[in-house]
Structure formats: C-alpha cells, structure tokens
Amino acid sequence: MGAEEDKQKSIPVLPWMRSPIDVSSFDECPLTLLPCLDPRLKVALENMEISSLFPVQLAVWQETIGPGSFERDLCINSPTGSGKTLAYALPIVQMLSTRSVKCLRALVVLPTRDLALQVKEVFSAIAPAVGLSVGLAVGQSSIADEISELINRPKLQLGVSFDPEDFLPELQSSVDILVATPGRLMDHINNTKGFTLEHLCYLVVDETDRLLREAYQSWLPTVLQITRANDESFLPCAQTFLPSPFSLKTIRRSGLERGFKGKPYPRLVKMVLSATLTQDPSKLAQLDLHHPLFLTTGQKRYQLPEKLQSYKLFCESKYKPLYLVALLQSLGEEKCIVFTSSVESTHRLCTLLNSFDNLPFKIKEYSGLQRQSVRSKTLKAFRKGDIQVLVSSDAMTRGMDVEGVRNVVNYDMPAYIKTYIHRAGRTARAGQTGCCFTLLREDEVKRFNKLLRKAENNSCSKYSLPSSYIEPLHSVYESALEKLKETVEMETSRKRKTGFKSSLSGERK
Ligand SMILES: Nc1ncnc2c1ncn2[C@@H]1O[C@H](COP(=O)(O)OP(=O)(O)OP(=O)(O)O)[C@@H](O)[C@H]1O
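Since the structure is predicted, the reported quantities are computational estimates derived from the model, not experimental observations.

Visitor: Explanation requested: the environment of Ser468 in the structure shown.
Guide: With respect to the helices and strands, Ser468 occurs in helix H17 (residues 467-470). For Ser468, a relative accessible area of 55% corresponds to the exposed category.

Visitor: Whenever I open this one, the packing of helix H4 (residues 84-96) against helix H5 (residues 113-126) confuses me. Can you help?
Guide: A pair of packed helices is characterised by two quantities: the angle between their axes and the separation of those axes. At a minimum axis separation of 10 Å, H4 and H5 run at an interaxial angle of 40°. Here H4 lies oblique to H5, going by the angle between them. Classified by chirality, the crossing of H5 by H4 is right-handed. Taking contact as the criterion, the partners of Thr85, Leu86, Tyr88, Ala89, Leu90 and Val93 in H4 are, on H5, Val119, Val122, Phe123 and Ile126. The residue makeup of the contact of H4 with H5, split by class, is 9 nonpolar, 1 polar and no charged.

Visitor: Hey, could you run me through helix H18 (residues 473-498) in this one?
Guide: Spacing of three or four residues puts side chains on the same side of an α-helix, whose turn is 3.6 residues. Counted at 1.5 Å a residue, the expected span for H18 with its 26 residues is 38 Å, and the 37 Å between its end C-alpha atoms agrees. For H18, the full list of buried residues reads Leu473, Tyr477, Ala480, Leu484, Val488 and Glu491. Next to the buried residues of H18 lie helix H12 (320-331), helix H13 (343-353) and H17.

Visitor: Honestly, the domain arrangement of the protein in this entry has me stumped. Any pointers?
Guide: When the parts come together, some accessible area is lost, and that loss is often what is quoted as the size of the interface. The assigned domain composition of the protein is domain 1 (2-154 + 169-296) and domain 2 (308-498). The interface is formed by 18 residues belonging to domain 1 together with 22 residues belonging to domain 2. Roughly 1700 Å² is buried in total at the junction of domain 1 and domain 2, and carbon and sulfur atoms are behind 46% of that figure. Here domain 1 and domain 2 share 3 salt bridges between them. Asp209 is the partner of Lys418 in a salt bridge, and the nearest nitrogen-oxygen pair spans 3.7 Å.

Visitor: Which parts of the structure should I look at to understand the site of the ligand?
Guide: By nearness alone, 19 residues border the ligand, and Ser52, Lys84, Thr85, Asp401 and Arg429 come closest of all. Contacts to the ligand include Ser52, whose backbone N or O atom sits 2.8 Å from a nitrogen atom. The contact in question runs from an oxygen atom of the ligand to an N or O atom on the side chain of Asp401, over 2.6 Å. For the ligand, the accessible surface in isolation is 640 Å², of which the surrounding protein chains cover 82%. The set of elements that each furnish at least two residues to the shell around the ligand consists of strand S3 (52-53) and H4. Among the domains, domain 1 (2-154 + 169-296) and domain 2 (308-498) are the pair contributing at least three residues each to the shell around the ligand.

Cut-offs applied
- Residues numbered from 1 in each chain as written.
- Predicted model: local features only at pLDDT ≥ 70, side-chain atom pairs only at ≥ 80, totals over all residues.
- Heavy atoms only, no water.
- Helix = DSSP H or I, 4+ residues; strand = E, 2+ residues; numbered from the N terminus.
- Buried < 20%, exposed > 50% of the residue type's maximum accessible area, 1.4 Å probe, protein only.
- Axes fitted to C-alpha atoms, helices over the stretch in contact; angles between N-to-C directions.
- Parallel < 35°, antiparallel > 145°, perpendicular 65-115°, else oblique.
- Left-handed = near helix turned anticlockwise from the far one by under 90°.
- Contact = heavy atoms within 4.5 Å.
- Nonpolar A, V, L, I, M, F, W, Y, C, P; charged D, E, K, R; others polar.
- Expected span 1.5 Å × (residues − 1).
- Domains from an automatic or database assignment.
- Buried area = accessible area lost by both parts, 1.4 Å probe.
- Salt bridge = Lys/Arg side-chain N within 4 Å of Asp/Glu carboxyl O.
- Near = heavy atom within 4 Å.
- Polar contact = N/O pair within 3.5 Å; in protein donor to acceptor, adjacent residues only side chain to side chain.
- Areas by Shrake-Rupley, 256 points an atom, 1.4 Å probe, with all protein chains shown as cover.

In structure tokens, the structure reads:
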C-alpha cells in the first residue's frame, strides 16, 4: 500500500481527474440563498441547526440540482468533517421529494454498521419532511425483522393461509432510500422476496476507497449488473419515475441530445466519496462511472482539516504508556480517541490504562476484535460522554462523527498518510478546532515527517510535557505493569481452557 501511494503522484492518470472543480473556491451558502431548496427541507435543516451549506455541499448541489442537473456521475474528494454526508443526502432527498409511488430509488453503501447507522440518522433527519422513508440493512436486527422493515407485505384476512409466491407481485418496498453495508445488502438481493433494485435512480458509494479495497461478496458488480439490466428495460417508461417539477430539466437529458450516446436513459446516477479518494484507474473502473466529474479541495491530493493542529511528542518506547497517560491528563476531560496499530495492541493498551490507579477519565476499547453489540454500546457511551477516552484500532474509525472529540492521539505512528488523515479527521470537524498528537520514537521521526509532507496544511509542532506531569507517574506505571501481567495470565489461562490465545500476549499485524 505504501508503494501504491508513492506510485500515485499528484498528477492523476485519468484525464477527467486532471481538471477538477476546486471545492475550496466555494463559500458557505446560507439556506435562504440556496436555489430550488424545497421549503420543507429548509425547515428540516434548520431543525438540525444548519443555517448554511458547507462548500462541498454547495458544490455538489450545483452539480446535482442545478445547474448541473445530475448530468454526470460525481467523484468527491473532500476533507474529513467537511460535510460529505449531507452533500449527497440533500440533493437525493430533494430529487425524490416529488415521487408518487413508494419504491427503492436510492441506495447508499458504507463499509461498517456504525457508519451506516450514522448516515441513516442524517437521512432520517430530512427525508420524512418530504414524505420519504429511510431503511437500514446492516444486520443490526434479525433478517426477519429487517425484512419486515423494508418490505410491505399485503395484509391478510385472519385464518387464511397463503403461499408467499402467490403474493409476490404485491410485495412493495416500504422505503425510498436504503442505507446498507455490503454483506446485508447481498443477503437481501439474494434472498429477500420483494426486494428489488429495479427502480434505483441513485447509488452512493461512501468511503469509496475502503469499499473498493475489499470485494465484500462482489456487491458492486452485482448491483451494477442488476441496475444495468434495469436501465434497458426502464427505457420506454422512464417518464413515469421522473419527479414532476424537475422532470427533464434536472434528471439527465436524453443520451443522444447530451452526446452520451449508448447510455440508457435515465441511467443510474452514481456519487462516490472519500477524504482520500483513490486515483487508481483500475479501481475506479469498477464503478463504471458515466462522464465523471471530479470535485476536490485545494492543490494537493491529501488535505487535513483547516483548523487541525498537529503535534509530535518524542518518547522512549518503554515509557510510551506513561507519556500517554501524562498527555491525557494534560488534555483534561475532553473526549479523546487514541489509535494503535493493531486490534491486539488496542486491547493491551486499554487494559494497561485501566490498570493505572485513579485516572480521572473512563477508558474503553473499540476494535474489530469485539462483537458488534459491544462496539455499538461503547460508541453510544462515548457519544453520550460517559466514556472520555476511546482506545481504537484503525478499521472501525473511518467517517465516525462524534461530537466533542477535541483530541486524537496516534499512540502508534500511522504507516500511511491516508491513515493519518482518517485518524486525525475524527477531530476538527465541521470547521471546529482540534488537535492530533503523534507519539514518536527517535527512529520514527524522519519517516513521520516524510509522511506528513504528502498532505496540505501539514505543519506539525513539537509538543513537550512538563516534568511535573511525568515524574509522579513512574511508580503508578510500575504497579500498572504488574497488574497488566496478572490480567494477561488470567486471560491466557481462561482462553487456554476455551482453546484461544490471550489477545494480550501477542500481536496480530
Ligand atoms: N451545513 C452544515 N452546517 C453545520 N454543520 C454541518 C453541516 N453539514 C454537516 N455538518 C456537521 O459536520 C459534521 C461532519 O459531517 P460529515 O460526517 O458528513 O463529514 P464527512 O465529510 O463525511 O467526514 P468523513 O470524511 O470523516 O466521513 C457532522 O457533525 C455534521 O452534522
């Protein structure tokens, strides 16, 4: 992956990526000045305490609602916390607001369940205002419960038995917009009667680079295959599905008229987004994009949030936990996320931190090693402020939006700039300030400086902790290490009985 990043120089290979729309040339736009905004959506946004659109949201609005009219598929590379979710949610909801028949018309795919839940919340805050329903397919509940949420079954008279096959034509979608993870999406595509993508108009692939990195049961080729077939059968009755006030003006005009010969009309519109969007032609080719338009921010490919301050903190390897505790104490009670390099070190570090006596904050781990239910519970408590420090591995943290996270700590130096961007991006969101601290051994400094140079806004000052924070911790640290040893032994013997190795005793890279 490092080699891959080096290969991808700042000039993209794909011609359409070489002349992007620069999002940084846009200003925020007050809702009162936003053209064509449905007044019901304006109220919904105001209820969310949103009074203006962020630059990326305005840029996307212009390319979707007007004057761009969804003419081209959109590839959006915009920093963490810049508001990409609403950038796609708002135009989709506005476009579907005049639909007369309920069917599944928009699909948003995300790599993790927590992220899908977060995105569903955004849609749920605006879609009901215009009579649209939003569904979730992430495997949070049993498949049967999920199906009953997504599919509207005909009501039967009491005592009448029926064969579901007989009623197939009457099964209808209960939702207009579906937010899904790939695995559950595939379950519904393959097994759920009445689940269909035949009316799909919008496909959003959020956290695109992450989703394209793994096959996830071939969800993307499957969705494209199904919708491509539909595009063709769609052709004669396309007009039925067009929302009336926008009709031909806002949905892509005739393929021939626009010079997009050979593309069925109306085609499935795609929007793909990331803070670190891949520029790899072979990966992007998987999306089968239609005359894609590239929206990006600034000159460099990688951007850090404008109000992020980066700091490096030098320390000896054996005292890293001690320095971390001193740093956390110096930061006070504000929410903080500490990143490590693996799920095992997340567990070990969290156990060690919890072995320190009398720390004035509550610490929990959040990693792929845990069950989803445990992770979701932890995240909920962190959002509420019942937990102040979250020790986390990388896999789960992309896109996570938790209010009040003022600090991020890289306990282990990230190996790639993309990792740094996604970790640091858990703070300094939505124009707020935030700090990212990286703990470094002497031999890591050069590599770290080189890594940061790949991003814009990359200044990184040295951070020193006063000795008054460090000295008193030495004895506490020694006894915490002793406690950790005991916990490792206990875990190892417990897991030996069940045939597992203690996750505290080894490192999985
Ligand atoms: N127009 C707006 N006005 C005020 N706050 C907003 C606006 N748009 C989005 N936000 C807030 O900004 C935060 C970040 O938004 P969002 O999660 O969509 O960012 P993102 O660009 O997707 O970040 P990431 O790349 O990390 O996923 C959220 O808390 C959201 O509520």
